[in-house]
Amino acid sequence: MIPGVTGPLDRFRVLDLTRIRSGPTCVKQLADWGADVIRIEPPNDDSGYADRSSSDFQNLHRNKRSLTLDLKSPEGHDILMRLVDGADVLVENFRPNVKSRLGIDWESLHAHNPRLVMGSISGFGQTGPYADRPGFDQVAQGMGGLMSVTGLKGQGPVRVGIPIADLTAGMYCAMGILMALLDRERTGVGQWVHTSLLQAQVAMLDFQAARWLIDGVVPGQAGNDHPTATPMGVYPTRDGAINIAASGTRMWREFCDIIGRPELFDDPRYATPKARLKHRPELNALIGEITGNMATADLRAALEEKSIPCGPIYAIDEVFADPQVQHLNMVGEVEHPARGAQKVLAQPIVMSQSEPVLHSATPDAGQHTDAILAELGLSSGEIRELKERHVV
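What you see is a predicted model; the values in this text were computed from it and never measured. (Residues numbered from 1 in each chain as written. Predicted model: local features only at pLDDT ≥ 70, side-chain atom pairs only at ≥ 80, totals over all residues. Heavy atoms only, no water.)

A. Region of interest: helix α1 (residues 22-32). In terms of residue burial, α1 counts as a mostly covered element, since 11 of its 11 residues are buried. Within the sequence span of α1, burial applies to Ser22, Gly23, Pro24, Thr25, Cys26, Val27, Lys28, Gln29, Leu30, Ala31 and Asp32. In the stretch just after α1, Gly34 is the one whose phi turns positive, near 105 degrees. (Buried < 20%, exposed > 50% of the residue type's maximum accessible area, 1.4 Å probe, protein only. Helix = DSSP H or I, 4+ residues; strand = E, 2+ residues; numbered from the N terminus.)

B. Seen up close, the pattern of salt bridges. Under the definition given, this model contains 22 salt bridges. Here Glu375 ties to Arg13 by a salt bridge, and the two come within 3.2 Å at their closest N and O atoms. Residue Glu375 is found in helix α16 (residues 369-375), and its partner Arg13 is found in strand β1 (residues 13-17); the two are separated by 362 residues along the sequence. Classification of Glu375 by relative accessible area gives partly exposed; the value is 44%. Its salt-bridge partner being Asp88, residue Arg184 comes within 2.8 Å of it at the nearest N-O pair. Taken together, the residues span a long stretch of sequence, with Arg184 in helix α7 (residues 164-187) and Asp88 in the loop between α3 (74-85) and β4 (89-92) at a distance of 96 residues. (Salt bridge = Lys/Arg side-chain N within 4 Å of Asp/Glu carboxyl O.)

C. A look at a positive patch on the surface. A surface patch of positive charge is lined by Arg19, Lys72, Arg95 and Arg101. Relative to the assigned elements, Arg19 resides in the loop between β1 and α1. (Patch = residues over 30% accessible without salt bridge, like charges linked within 9 Å, V, L, I, M, F, W, Y side chains within 5 Å. Areas by Shrake-Rupley, 256 points an atom, 1.4 Å probe, with all protein chains shown as cover. Lys, Arg positive; Asp, Glu negative; His and termini not counted. Charge placed at Lys NZ, Arg CZ, Asp CG, Glu CD.)

D. Seen up close, the sheet that holds strand β6 (residues 192-196). An order of β3-β2-β1-β4-β5-β6 is seen for the 6 strands of this open sheet, with the pairing classed as parallel. Pairing within the sheet leaves two strands with one partner each, and these edge strands are β3 (64-68) and β6. Neighbour-to-neighbour, the strand axes of the sheet open up by a mean angle of 20 degrees, direction not taken into account. Both strand β2 (residues 36-41) and β3 contribute to a ladder of 5 bridges, which runs parallel. Across the sheet, residue Ile40 finds its bridge partner in β3, namely Leu67. Its contacts with the sheet put α3 on β1, β2, β3 and β4, and the angle it makes with β1 is roughly 150 degrees. Together, β4, β5 (117-122) and β6 form the strand contacts of α7, whose direction differs from that of β5 by roughly 165 degrees. (Pairing = 2+ DSSP bridges. Axes fitted to C-alpha atoms, helices over the stretch in contact; angles between N-to-C directions. Contact = heavy atoms within 4.5 Å.)

E. Up close: the packing of aromatic side chains. A full pass over the atoms with the stated rule returns 3 aromatic pairs. Each ring, one from Trp106 and one from Trp192, has its centre 6.3 Å from the other, and the planes form 20 degrees; the classification is stacked. With Trp106 in helix α5 (residues 106-112) and Trp192 in strand β6, the pair connects residues that are 86 residues apart, well separated along the chain. Judged by relative accessible area, Trp192 falls into the partly exposed class, the value being 25%. When the centroid spacing of 5.9 Å and the interplanar angle of 80 degrees are considered together, the rings of Phe124 and Tyr130 count as edge-to-face. (Phe/Tyr/Trp six-rings, centres within 6.5 Å; stacked < 30°, edge-to-face > 60°.)

F. A look at the nonpolar core. Counting 30 residues, the largest nonpolar core has Leu15, Ile40 and Leu80 as the members making the most contacts within it. Those elements giving two or more residues to this core turn out to be β1, β2, α3, α4 (96-102), α5, α16 and α17 (380-388). A per-element tally of this core places α3 first, with 5 residues. The residues contacting Ile40, other than those within four sequence positions of it, are Leu15, Asp16, Leu17, Leu67, Leu69, Leu71, Leu80 and Leu83. (Core = buried A, V, L, I, M, F, W, Y, C linked by side-chain atoms within 4.5 Å.)

G. Quick peek at the pairing of β2. Counting buried positions along β2 yields 6 of 6 residues, so the element is predominantly enclosed. Here β1 pairs with β2 via 4 bridges, running parallel. Paired with Val14 across the two strands is Val37, which belongs to β2. Handedness of the crossover joining β2 and β3 through helix α2 (residues 55-60) is recorded here as right-handed. (Right-handed = clockwise from strand over helix to strand, strands pointing away.)

H. Representation of the sheet that holds strand β9 (residues 310-312) in the model. Judged by pairing direction, the sheet is antiparallel, and its 3 strands sit side by side in the order β7-β8-β9 without closing on themselves. Edge strands, defined here as strands with exactly one partner in the open sheet, are β7 (232-237) and β9. Across the sheet, the axes of successive neighbouring strands diverge by a mean angle of 25 degrees, strand direction being ignored. The sheet contact formed by β7 and strand β8 (residues 240-245) spans 6 bridges and is antiparallel. Each residue of the ladder has a partner; that of Tyr235, found in β8, is Ile242. The strands that helix α13 (residues 296-305) touches are β7, β8 and β9; relative to β8, the one it contacts most, it runs at about 15 degrees.

I. Quick look at helix α12 (residues 280-291). Between its terminal C-alpha atoms α12 stretches 16 Å, which fits the 16 Å expected from 12 residues at 1.5 Å a residue. For α12, the complete set of buried residues consists of Arg280, Leu283, Asn284, Leu286, Ile287, Gly288, Ile290 and Thr291. (Expected span 1.5 Å × (residues − 1).)

J. Examining the packing of α1 against α7 more closely. At their nearest, the axes of α1 and α7 sit 7 Å apart, and the two run at 45 degrees to each other. Considered as vectors, α1 and α7 are oriented oblique to each other. Here α1 and α7 pass one another in a crossing that is right-handed. Where α1 abuts α7, its residues Ser22, Thr25, Cys26, Gln29 and Leu30 lie against Asp166, Leu167, Ala169, Gly170, Met171, Cys173, Ala174, Ile177 and Leu178. Classifying every residue of the contact of α1 with α7 by side-chain character gives 9 nonpolar, 4 polar and 1 charged. (Parallel < 35°, antiparallel > 145°, perpendicular 65-115°, else oblique. Left-handed = near helix turned anticlockwise from the far one by under 90°. Nonpolar A, V, L, I, M, F, W, Y, C, P; charged D, E, K, R; others polar.)

K. Region of interest: the environment of Ala271. Looking at the element boundaries, Ala271 is found in the loop between α10 (249-258) and α11 (273-278). C-alpha of Ala271 to C-alpha of Met294: the two residues are 23 residues apart in sequence and 24 Å apart in space. Residue contacts for Ala271: discarding those within four places in its chain leaves Phe265, Asp266 and Arg276.

Below, the structure is given as structure tokens:
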């Protein structure tokens, strides 16, 4: 437990051996809710994934303590095992064959501490023909089908604008870790929780996957249109564009009134959801001609008055200027010793009796090495010797 830090997870210690994004995304969920997270890093990280000057790194690794440790050395491995003795969770995203070489595979760690919960994220899974291949978010987006349904019809494969496979794999892994910790309260034994970028991306196909699995339909690109409902998509305005979702019967009737074309509601081409979908290109063109002469604010106000879902299409700076986003407190702040007050993304979860904790900025590499080793009982002389030998 970190002194002065309270939260739903403040009784747990987490060892963070993750890199890049999927693993750190997982651990961030635990750190923000109070867990004592020790980030274990190489003494000299030349991987290219540890640029502490980047906003990305600073956002991902807040609320952690940092220990530098050479896991390839016998002494470094021994220190890790001593940390495992008192840990509740260890999270890693090495390839399966790498962690076996390092001696941090599930079998070894479970034998050392049967109560430990281990979270692992890989590119393609811990077993199978692709298990030892390196994973990358965009590769998972492609193999997981997302790029085939993203973008304009006929445009060719398009990635989404965020690393969605990385992010969702991290979130799924965090959820699995929490379930394993709950189960440990019943059994007294930890579990190995693992997922992959590919699994997460396939799971996120959601209704598009169901269209294939149940209906036998291979979905394609639909651009800004909803794949199965209309009118639902992006429509031009006099000063930009707006998202409108008016596919339900009540909403379709009132939308026709708003755009000054009430007769469209009874037009056989548009009278039913299936008919509207069949004639979507000409319906969208017709709607676009009308909304293109309307101001975004006026159209939005008219739609909102009738409870028709709609919304502006923001650039990122506009997102954080929106009064509802500000009300939801989606921006947190940490105090960095060199940068001063630093804004970071806050948690999107609201609990009635608990709050996420932003207690510290991303640490310098090895910032807490001496303190963590002292907690293990090492003397200042032993710590100095380990530093001289570049073990820490």
